[in-house]
Amino acid sequence: MNGLFPTGRALAITALPAEFESLAPPPLLLPGEQLEHYQALRQAIFADLAPRSAIEWLLAIDVAELSWDIQRYRMLRHQLLEAYRHKAVEAALRRIDMVGIDPEFEAEAETYTLQNALSWRMDPVAASEIQARLAAYGFDQHAITTEVYVQAREVLVLFEGLLNAAQTKRMLLLREIRNQRLLSGPLRRPR
């Protein structure tokens, strides 16, 4: 996918042939994903690879699927980090607000802490006030980010493995397309 992005006309030229449609069923989309985005990615990959044979089309379909998975993993990882940032702010607020609370008021104080963390996430004004309060107690953005990565480390390792595996498979498929083209090129002599 190097070079200029193809125009709509160029993308239309490399549409999946009808005989291969059954080999590329529609994707199973997660909530928030859009079929148009998947199709645009697939079309761009088909335009860039310009498959010439049935084998190349099958490989290009797989490259498109893996590319979609990679995008999905990146988006999910981003959303995961946002959720863990919320938890890290909760934990920091708990360390500030729950110190010295009488045990009979702990449940009520915990409720207020959870509400403050939710306000931090939803209300920009409350977020800046809470961030200033956290900073006053030594919880700057670096401390919060460190807490995020400590809490999310196992899940981040999982996503890293998924991304690496998908990228490796995609590279192997791209090499296979290149090899197919080299084998069917002008150097090959009929027997």
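Residues numbered from 1 in each chain as written. Predicted model: local features only at pLDDT ≥ 70, side-chain atom pairs only at ≥ 80, totals over all residues. Heavy atoms only, no water.

Chemist: It is not clear to me how helix H6 (residues 141-183) should be interpreted in this structure. Could you clarify?
Modeler: Residues spaced three or four apart along an α-helix point in a common direction, a consequence of the helix completing one turn every 3.6 residues. Here H6 contains 43 residues, and its C-alpha end-to-end distance of 55 Å is more than 12% below the 63 Å for a straight helix at 1.5 Å per residue. In the structure, H6 departs most strongly from a straight axis at Arg153, where the bend amounts to approximately 70°. For H6, the complete set of buried residues consists of Ile144, Glu147, Val148, Ala152, Leu156, Phe159, Leu163, Ala166, Leu173 and Ile177. In this structure, the buried residues of H6 make contact with helix H2 (35-49), helix H3 (54-97) and helix H5 (124-136). (Helix = DSSP H or I, 4+ residues; strand = E, 2+ residues; numbered from the N terminus. Expected span 1.5 Å × (residues − 1). Bend = angle between axes of the 7 residues up to and from the residue. Buried < 20%, exposed > 50% of the residue type's maximum accessible area, 1.4 Å probe, protein only. Contact = heavy atoms within 4.5 Å.)

Chemist: What is the right way to look at the side chain of Glu33 in this model?
Modeler: Along the chain, Glu33 falls in the loop between helix H1 (8-13) and H2. At 2.8 Å, the side chain of Glu33 forms a polar contact with the backbone nitrogen of Leu30. Once residues within four sequence positions are removed from consideration, Glu33 is found in contact with Leu28, Trp68 and Arg72. (Polar contact = N/O pair within 3.5 Å; in protein donor to acceptor, adjacent residues only side chain to side chain.)

Chemist: What should I look at first to understand the confidence of the model for the protein in this one?
Modeler: Interpreting fine coordinate detail is not advised for predicted regions of low pLDDT. Here the protein averages 88 in pLDDT, while 90% of its residues score no lower than 70. When mean pLDDT is taken per element in the protein, H2 scores highest with 95 and H1 scores lowest with 48. (pLDDT = per-residue confidence, 0-100.)

Chemist: Sorry if this is basic, but what is going on with the environment of Tyr73 here?
Modeler: With respect to the element layout, Tyr73 can be found in helix H3. The spatial distance from the C-alpha of Tyr73 to the C-alpha of Phe159 is 6.6 Å, given a sequence separation of 86 residues. Among all residues touching Tyr73, those that are not within four sequence positions of it are Phe159, Leu162, Leu163 and Ala166.

Chemist: Got a minute to help me understand the packing of helix H4 (residues 106-122) against H5 in this structure?
Modeler: Between two packed helices, the angle of one axis relative to the other and the distance separating the axes together describe the packing. At a minimum axis distance of 6 Å, the contact between H4 and H5 shows a crossing angle of 120°. The angle between H4 and H5 falls in the class oblique. As H4 packs across H5, the resulting crossing turns out to be left-handed. Here Asn116, Ser119, Trp120 and Met122 of H4 come into contact with H5, specifically with Pro124, Ala126, Ala127, Ile130, Gln131 and Arg133. Partitioned by chemical class, the residues of the contact of H4 with H5 number six nonpolar, three polar and one charged. (Axes fitted to C-alpha atoms, helices over the stretch in contact; angles between N-to-C directions. Parallel < 35°, antiparallel > 145°, perpendicular 65-115°, else oblique. Left-handed = near helix turned anticlockwise from the far one by under 90°. Nonpolar A, V, L, I, M, F, W, Y, C, P; charged D, E, K, R; others polar.)

Chemist: When you look at a nonpolar patch on the surface in this model, what are you seeing that I'm missing?
Modeler: Residues Leu23, Ile55 and Leu58 make up a contiguous nonpolar surface patch of roughly 240 Å² in combined accessible area. Following the sequence through the fold, Leu58 ends up in helix H3. The partly exposed category is assigned to Leu58, whose relative accessible area is 35%. (Patch = residues over 30% accessible without salt bridge, like charges linked within 9 Å, V, L, I, M, F, W, Y side chains within 5 Å. Areas by Shrake-Rupley, 256 points an atom, 1.4 Å probe, with all protein chains shown as cover. Salt bridge = Lys/Arg side-chain N within 4 Å of Asp/Glu carboxyl O.)

Chemist: I keep staring at the pattern of salt bridges and nothing clicks. Help me out?
Modeler: If charged atoms from side chains of opposite charge come close, those side chains can pair. As enumerated under the stated definition, the model contains eight salt bridges in all. Linking Arg181 and Glu56 is a salt bridge whose minimum nitrogen-to-oxygen distance equals 3.1 Å. You can see Arg181 sitting in helix H6 and its partner Glu56 sitting in helix H3, a full 125 residues away along the chain. Classification of Glu56 as buried rests on a relative accessible area of 2%. Between Arg133 and Asp97 there is a salt bridge; the shortest N-O distance is 2.6 Å. Of this pair, Arg133 sits in helix H5 while Asp97 sits in helix H3, placing them 36 residues apart in sequence. You can call Asp97 partly exposed: its relative accessible area is 22%. Overlapping salt bridges, with partners in common, bring together Glu33, Asp69 and Arg72 in one network.

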